[in-house]
Amino acid sequence: MKLSTKGRYGLKAMFQLAIHYGEGPISLKNIAEKQKISDHYLEQLIASLRKVGLVKSVRGAQGGYMLAHSPQNITVGDIIRTLEGPLAPSDCVIEDDTSGCDRKDCCITRTVWTKIRDSISDVIDAITLQDMLDDYNNMQDKDDFII
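Okay, so let's go over this structure. All residue numbers refer to positions counted from 1 along the written sequence of the respective chain. In keeping with the model being predicted, local features are shown solely for residues with a pLDDT of at least 70 and side-chain atom pairs are shown and tallied solely at 80 or more, while totals for entire chains, interfaces and linings include all residues. Heavy atoms throughout the structure, all of them, feed into the side-chain values; hydrogens and water do not.

Details of the packing of helix α1 (residues 5-19) against helix α2 (residues 28-35)
Direction vectors running N to C along α1 and α2 enclose 115 degrees, while the axes themselves pass 10 Å from each other. For the pair α1 and α2, the sense of crossing is right-handed. Between α1 and α2, the contacting residues are K12, A13, Q16 and L17 on the first element and I31, K34 and Q35 on the second. Note on residue classes: Ala, Val, Leu, Ile, Met, Phe, Trp, Tyr, Cys and Pro are nonpolar, Asp, Glu, Lys and Arg are charged, and everything else, Gly too, is polar. When the residues that make up the contact of α1 with α2 are grouped by side-chain class, the tally is three nonpolar, two polar and two charged. In this description, a line fitted to the C-alpha atoms serves as the axis of each element, helices being fitted only across the stretch in contact, and the angle between N-to-C directions of two axes falls anywhere from 0 to 180 degrees. What counts as a helix is a DSSP run of H or I of at least four residues, what counts as a strand is a run of E of at least two, and both are numbered from the N terminus. For any helix crossing, the convention is left-handed if the near helix is rotated counterclockwise from the far helix by under a right angle, and right-handed if that rotation is clockwise. Only heavy atoms enter the contact rule, under which two residues are in contact if any of them lie within 4.5 Å.

Set out below in structure tokens:
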């Protein structure tokens, strides 16, 4: 299972907003430059995050974007699911999918896929943007750190 650039870049953008949490709005251009993401692509990602209430926008000359909640209340799982959709190694174990498979009751590999899905969910739902900030602040050489 591999995340697309949506999930990877979206998490980087949200981390950038978390770094500046409480300082007011950050321009899209600033985030794009810091994260080396195209303005247009970042605009699409931020629109999705805003639509679900993870980011809010401020209009005007000093406008931009900021987290809609504190970093401790936004998980990596919130961000990745918003941008990537349901996370599952196989279609037969997508959460909240009622279509299912007609062989689900006798498929031994389904239990493996379920365990993988649940393990991934447990990890990404346990990590908040605040946890990422704490890790970042504990790093020795922040200047060399790639966000």
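Read on, since the account is not over.
A few points about the nonpolar core
What we call a nonpolar core is a set of buried Ala, Val, Leu, Ile, Met, Phe, Trp, Tyr and Cys residues that are connected through their side-chain atoms within 4.5 Å. When accessible area is computed with a 1.4 Å probe and restricted to protein chains, residues below 20% of their type maximum are described as buried, those above 50% as exposed, and intermediate ones as partly exposed. If you look at the biggest cluster of nonpolar residues, it comprises 30 residues, and the most contacted ones within it are M14, L17, L42, L49, I79 and L129. If you list the elements that add at least two residues to this core, you get α1, α2, α3 (39-51), β2 (64-67), α4 (76-84) and α6 (129-137). Among the elements that make up this core, the one with the highest residue count is α1 (six residues). When neighbours within four sequence positions are excluded, M14 is seen to be in contact with L49, L54, V55, L67, I74, I79 and L129.

Let's talk about the pairing of strand β1 (residues 55-58)
The side chains of a regular strand alternate, residue by residue, between the two faces of the sheet. Any two strands between which DSSP finds at least two bridges are classified as paired. Relative to β2, β1 runs antiparallel, the two sharing four bridges. For K56, the partnering residue across the bridge sits in β2 and is M66.

Structural notes on the environment of Y21
Note that Y21 resides in the loop between α1 and α2. When its relative accessible area of 40% is taken as the criterion, Y21 is described as partly exposed. Taking C-alpha positions, Y21 is 7.6 Å from P71, a pair spaced 50 residues apart along the chain. With residues near it in sequence (within four places) discarded, Y21 still touches L67, H69, S70 and P71.

Some thoughts on the side chain of R117
Relative to the helices and strands, R117 resides in helix α5 (residues 108-126). Not counting residues within four places of it along the chain, the set of residues in contact with R117 comprises L87, A88, P89, V93 and E95.

What is shown is where atoms sit, not what they do.
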